[in-house]
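Inside the fold
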Amino acid sequence: MDKTLKKIALVGQPNVGKSSLFNRIAKQRIAIVSDMAGTTRDIRRHEVEILEKDALMLDTGGIDETNDAIFSNVKRKAIECAKEADIILFMVDGKRLPDEKDKELFYELQDLGKQLALVVNKIDNDKEKERLWNFYEFGIDDDNLFGISVSHNRGTKSLFEWIAARLPTRKIEPELIINSEIENEDLSLEEFLDPVEDINETAQLDDGEVKVAIIGRVNVGKSSILNALVGEERSVVSPIAGTTIDPVDESFDYKDKHITFVDTAGLRRRGKIEGIEKYALNRTTQMLEKANLALLVLDASTELVDLDEKIAGLVDTYGLGTIIVLNKWDENMDTFKKLEDKIRSKFKFLYYAPIIAVSAKTGRSIDRLKDKIIEIYENYAQRIPTSVLNKIIEEAVIRHALPSPNGAYLRIYYTTQYEVKPPRVALIMNKPRLLHFSYKRYLINFLRKNINFEGTPIHIIARGKGQRDIDEDEVEDF
């Protein structure tokens, strides 16, 4: 995320249309939109382009004077967000008369001395423009008052022009020249035709972008872990289950890597998912498609349930690098060993994932978790030289000979890694369809003993020499 971008904060009471305007500016459906007041509870951040100028949009939770624990926290965070911003869009509902709460909030924002616009939403036609007169009592001039209808896309052009006039002109970057042969190296199977070529030497360099999904059932402490990792409160934390609805992207740099966390909405049993939370579940799976790593958060203070296993299955499905995080841990190592054994028994398919016990509340082992994220990502993104792979596989075959199904003689010509994130390895051989999955599993385990693949699945296929199409049915994940 570009830290030099000017920031635009969207602030206002619940259900005035902030998320809809956010989506209109971002040109995609990012914030969850609903008629239910208070849908947005965390601060959403997204780089946007407004009339060929770049900015960072901040969509805050609706500010509502209530005793509810969540919304009192949301108001505080929204005001903090406004203080951080360069431009503030204070949004109100044009179908209602302005109330004292709106005025109080507006004056509080006005005192910040920022570029401030009063955006009156739900002005759906020319007749309803008359309602704008009611909002002049805020003491704002014509240039900073905008009557719009986000749902009908009316009046937004003037607002966008006002915003763009307060943004710097985009810098023209020098055109990058990319070697197409290198760019497509990961997807090319030309190496299968040249058994001794080491594709590691010409591979595209890792971009250092680590995308981490934080998943788990509701109220296991995902938001608390996010806040502990980032080092400040970025996500609303509440003991009320389901506080996080929108996934919240947060980034920071650590050990030469740019880490982006997505704090997902808590996952519930499907029978309990209704309305907003069902949409949030769909958003979680969309996010998993873009992630490199997953932090599977479990509550160490409660018993594991079937839903934990189902959520863990999502990680396996998307082939992500994985760390199992036990939150709310305050016991000794003896009880940790018992719980670790229970997790290993329940999540056999994640046998390669390390288990780290942390306490987001006290900060225990949070730095260790940061280091482990970097380590697992490097394992996930590593490319092993063909010469090294061949030597390891040759040794494995010597120790445990290839099977001979029905008297057929099987031979592996060579081994090469053709993709990363996750590592995908091809065995080029004479009769690939006769190689039993149990022998593939043996080879994968042998690779793990010789190369650090902790935290990452390994995909392996058996291919005929010169065969270039990948049949997904031939891929085995271990």
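For clarity, every value in this text was computed on a predicted model and none was experimentally measured.

Right, let's get into the pairing of strand S11 (residues 321-327). Judged by how many residues are buried, S11 sits mostly within the fold: seven of seven residues are covered. The alternating pattern of S11 places Gly-321, Ile-323, Val-325 and Asn-327 on one face and Thr-322, Ile-324 and Leu-326 on the opposite face, and all of these are buried. Across seven bridges, strand S10 (residues 293-299) lies against S11 in parallel orientation. By the bridge assignment, Ala-294 is partnered in S11 with Thr-322. Taken together, S10, helix H8 (residues 306-318) and S11 constitute a β-α-β crossover, and its handedness is right-handed. Pairing analysis gives three bridges linking S11 to strand S12 (residues 355-357), with the strands arranged parallel. The residue of S12 that forms the bridge with Leu-326 is Ala-357.

Bringing the packing of helix H11 (residues 386-399) against helix H12 (residues 437-450) into the picture now. One way to put it is that H11 packs onto H12 with a least axis distance of 10 Å and a crossing angle of 125°. Accordingly, the angle class assigned to the pair H11 and H12 is oblique. Seen along the crossing, H11 lies across H12 with a hand that is right-handed. Listed contacts from H12 to Leu-389, Ile-392, Ile-393, Glu-395, Ala-396, Val-397 and Arg-399 of H11 are Tyr-439, Tyr-442, Leu-443, Phe-446, Leu-447 and Asn-450. Its residues placed into classes, the contact of H11 with H12 shows ten nonpolar, one polar and two charged.

Along the chain, Arg-217 falls in the loop between strand S7 (209-215) and helix H6 (222-230). The class for Arg-217 is buried, based on a relative accessible area of 16%. Of note is the side chain of Arg-217, whose polar atom sits 3.3 Å from the backbone oxygen of Glu-303.

With that settled, the discussion passes to the packing of H6 against helix H10 (residues 366-381). In the contact formed by H6 and H10, the axes pass within 9 Å of each other and the chain directions differ by 85°. Of the possible angle classes, the one that applies to H6 and H10 is roughly perpendicular. Side by side, H6 and H10 meet where Ile-225, Ala-228 and Leu-229 of the first sit next to Ile-366, Leu-369 and Lys-370 of the second. Residue classes in the contact of H6 with H10 are distributed as five nonpolar, no polar and one charged.

We now examine the packing of aromatic side chains. Within this structure, the stated rule accounts for ten aromatic pairs. Look at Phe-106 and Phe-138: their rings are 5.3 Å apart centre to centre, the planes differ by 85°, and that puts the pair in the edge-to-face class. Of this pair, Phe-106 sits in helix H3 (residues 100-110) while Phe-138 sits in the loop between strand S5 (115-121) and strand S6 (145-147), and the two are 32 residues apart along the sequence. For the pair shown, Phe-106 and Phe-138 are each scored as buried. Of the aromatic side chains, those joined through ring pairs into one cluster are Phe-90, Phe-106, Tyr-107, Phe-135 and Phe-138.

In total, this model carries 21 salt bridges according to the counting rule given. The salt bridge involving Asp-93 is made with Lys-122; its shortest N-O contact spans 3.2 Å. Highlighted residues: Asp-93 in strand S4 (residues 87-93) and Lys-122 in the loop between S5 and S6, separated in sequence by 29 residues. Relative accessible area serves as the criterion here: at 10%, Asp-93 is assigned to the buried category. Between Lys-95 and Asp-124 there is a salt bridge whose closest N-O contact spans 3.2 Å. Of this pair, Lys-95 sits in the loop between S4 and H3 while Asp-124 sits in the loop between S5 and S6; the two residues are 29 residues apart in sequence, bridging distant segments of the chain. Of the residues examined, Lys-95 reaches a relative accessible area of 42% and is grouped as partly exposed.

A word on the sheet that holds S5. Taking strand neighbours across the sheet as the criterion, the six strands line up as S2-S3-S1-S4-S5-S6 in an open arrangement whose pairing is mixed. Two strands bound the open sheet, and with one partner strand each, they are strand S2 (44-50) and S6. Along the sheet, successive strands turn relative to each other by an average axial angle of 25°, direction set aside. On the sheet, helix H1 (residues 18-26) packs against strand S1 (7-12), S2, strand S3 (53-59) and S4 and is oriented at approximately 45° with respect to S2. Contacts between helix H4 (residues 156-164) and the sheet are confined to S1, S2, S3, S4, S5 and S6, with S4 contributing the most and set at about 160° to the helix.

Cut-offs used in this document
- Residues numbered from 1 in each chain as written.
- Predicted model: local features only at pLDDT ≥ 70, side-chain atom pairs only at ≥ 80, totals over all residues.
- Heavy atoms only, no water.
- Buried < 20%, exposed > 50% of the residue type's maximum accessible area, 1.4 Å probe, protein only.
- Helix = DSSP H or I, 4+ residues; strand = E, 2+ residues; numbered from the N terminus.
- Pairing = 2+ DSSP bridges.
- Right-handed = clockwise from strand over helix to strand, strands pointing away.
- Axes fitted to C-alpha atoms, helices over the stretch in contact; angles between N-to-C directions.
- Parallel < 35°, antiparallel > 145°, perpendicular 65-115°, else oblique.
- Left-handed = near helix turned anticlockwise from the far one by under 90°.
- Contact = heavy atoms within 4.5 Å.
- Nonpolar A, V, L, I, M, F, W, Y, C, P; charged D, E, K, R; others polar.
- Polar contact = N/O pair within 3.5 Å; in protein donor to acceptor, adjacent residues only side chain to side chain.
- Phe/Tyr/Trp six-rings, centres within 6.5 Å; stacked < 30°, edge-to-face > 60°.
- Salt bridge = Lys/Arg side-chain N within 4 Å of Asp/Glu carboxyl O.

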